[in-house]
Amino acid sequence: TVRFNSIRFIPLQYDMDGYVIYYQAVVNLSVDYQKKDERDRFNVIGTYEFPIEATSVITDVTRSEALRYGALDALDAFISKLALKGINRDNANNN
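This section reports on the structure supplied with the text. (Residues numbered from 1 in each chain as written. Predicted model: local features only at pLDDT ≥ 70, side-chain atom pairs only at ≥ 80, totals over all residues. Heavy atoms only, no water.)

Digging into the pairing of strand 2 (residues 20-35)
Phase 1 of the analysis: Both strand 1 (residues 2-14) and strand 2 contribute to a ladder of 11 bridges, which runs antiparallel. Counterpart to I7 in the pairing with strand 2 is V27.
Phase 2 of the analysis: Between strand 1 and strand 2, which pair antiparallel and follow one another directly, the connecting turn spans five residues, one of which, G18, has a positive phi of 90°.
Phase 3 of the analysis: Where strand 2 folds back onto strand 3 (residues 38-51) in an antiparallel hairpin, the turn is made up of two residues, including K36, whose phi is positive at roughly 55°. (Pairing = 2+ DSSP bridges. Helix = DSSP H or I, 4+ residues; strand = E, 2+ residues; numbered from the N terminus.)

Let's talk about the sheet that holds strand 2
Phase 1 of the analysis: Overall, antiparallel pairing links the three strands, which are arranged 1-2-3 in an open sheet. Both outer strands of the open sheet, strand 1 and strand 3, are each paired with one neighbouring strand and no more. Within the sheet, the average angular offset between the axes of one strand and its neighbour, ignoring direction, is 15°.
Phase 2 of the analysis: Bridge count between strand 2 and strand 3: 14 bridges; the pairing is antiparallel. Pairing of D32 across the sheet is with R41, part of strand 3. (Axes fitted to C-alpha atoms, helices over the stretch in contact; angles between N-to-C directions.)

Here's the deal with the nonpolar core
Phase 1 of the analysis: V27, L29, V31, Y33, F42, V44, L67, A71, A74 and F78 form the largest nonpolar core, which has 10 residues in total.
Phase 2 of the analysis: Of all the secondary-structure elements, those providing two or more residues to this core are strand 2, strand 3 and helix 1 (60-94).
Phase 3 of the analysis: Look past the residues within four positions of F78 in its chain and what remains in contact with it is V31, Y33, F42 and V44.
Phase 4 of the analysis: Y23, A25, F50 and A66 belong to the second largest nonpolar core, which has seven residues in total. (Core = buried A, V, L, I, M, F, W, Y, C linked by side-chain atoms within 4.5 Å. Buried < 20%, exposed > 50% of the residue type's maximum accessible area, 1.4 Å probe, protein only. Contact = heavy atoms within 4.5 Å.)

Some details on the side chain of S30
Phase 1 of the analysis: Of note, S30 is situated in strand 2.
Phase 2 of the analysis: Excluding its chain neighbours within four sequence positions, the residues that come into contact with S30 are T1, V2, R3, N5, R41, F42 and N43.

Structure follows, in structure tokens:
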């Protein structure tokens, strides 16, 4: 099961007039994982940086795109954590 914990948009860059022209979406996901009798929960964070036009707002399309790519980045982090957990388990079993 994958759930959104939080979504934030952080201004990264401003133009000469003080308008935000670059944002970072920070997507925090909670991933519940189950394999046989093993259950685990991972909290992972993904980011996506994107430009917007000065004096404009983040549109629904831009927001959806940022959430999608931020979530994909977070899921990549989940896969990395899962692989690392497997490697650590294999190392523990070999010692």
